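Residue-level listing of the chains:
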Amino acid sequence: MAGYPQARFLTSANQPGQFLPDEGAEVAFVGRSNAGKSSAINAITHRRQLARISRTPGRTQLVNFFHLVEGVRLVDLPGYGFAKVTVAMQAHWRQLLEAYFQSRRCLRGLFLAVDSRRGLGPMDLQMIEWCASLGLPVHVLLTKADKLRRAEMAAALRTAVAAAGEGVTVQLFSATSGEGLEAARARLQTLLHDGAEKKSRVRSTGGAPGTNAATGLG
Ligand SMILES: Nc1nc2c(ncn2[C@@H]2O[C@H](COP(=O)(O)OP(=O)(O)O)[C@@H](O)[C@H]2O)c(=O)[nH]1
Ligand SMILES: [Mg+2]
């Protein structure tokens, strides 16, 4: 498969009012800052330009929408774990993510990018828990697998599968080597076609992860 030749950047949102109309289907990418989200979107779509856009400083704190095919979008959500973040920025990020997750009936699932060398951190686990409470499927990409030896890859996968828990799918991925690329595209297609159809998502959840002071955005 050659990717998504029609993929293109649509818009960035800094507040819920700027989200695109809630129609069709979308899958959102989330993870720590630098985990490899933008590179994964680039590799999966096979469009270099997209990753460059979502790496542009200033856009990393925004919700970036990409057209994939007719009626279908990818969404690059602002990353977490960045050290230099003010309390005001954290509050803004939480509010933006909560609004996004709670308002998008078109959201079919989440791709969670996790650096395969670091494994799942507390924020990743909170994100998984939060999605479970919303009935949203999560697929973990263990990124930068090209940095690991085969045995290390197997160990990283085992550890992540155990940490992520039931109902979460996990795979090794490398935007550089193409490892896991077809598996990721297949999972994306499955989510877009069979993912959670949100009728009325629970509103009274614990809210977005990131309440602890050590949590930065990126
Ligand atoms: N070796 C390697 N480096 C990667 C890979 N994916 C991303 N990176 C690097 O990791 C850094 C962060 O990637 P980026 O996609 O911008 O992460 P984001 O902040 O989650 O969007 C960049 O320097 C990338 O070149 C990969 O598969 N292999
Ligand atoms: Mg990025």
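The coordinates are above.
Predicted model only: the values in this text are computed from it and were never measured. (Residues numbered from 1 in each chain as written. Chains lettered and ligands numbered in written order. Predicted model: local features only at pLDDT ≥ 70, side-chain atom pairs only at ≥ 80, totals over all residues.)

Regarding the environment of Asp-146
Residue position: Asp-146 is located in the loop between β6 (138-143) and α5 (150-164). A C-alpha to C-alpha distance of 7.0 Å links Asp-146 and Thr-176, two positions 30 residues apart in sequence. Sequence-distant contacts of Asp-146, defined by excluding residues within four places in its chain, comprise Ser-174, Thr-176, Ser-177 and Glu-179. (Helix = DSSP H or I, 4+ residues; strand = E, 2+ residues; numbered from the N terminus. Contact = placed C-beta atoms within 7 Å.)

Let's talk about the sheet that holds strand β3 (residues 63-69)
With mixed pairing, seven strands are arranged side by side in an open sheet as β1-β3-β4-β2-β5-β6-β7. Two strands in the sheet have a free side with no partner beyond their single neighbour: β1 (8-13) and β7 (169-172). With strand direction ignored, the average angle separating the axes of adjacent strands in the sheet is 25°. Lying on the sheet, helix α4 (residues 122-134) is in contact with β2 (25-31), β5 (107-115) and β6; it crosses β5 at an angle near 165°. Relative to β7, α5 is tilted by about 165°, and along the sheet it contacts β5, β6 and β7. (Pairing = 2+ DSSP bridges. Axes fitted to C-alpha atoms, helices over the stretch in contact; angles between N-to-C directions.)

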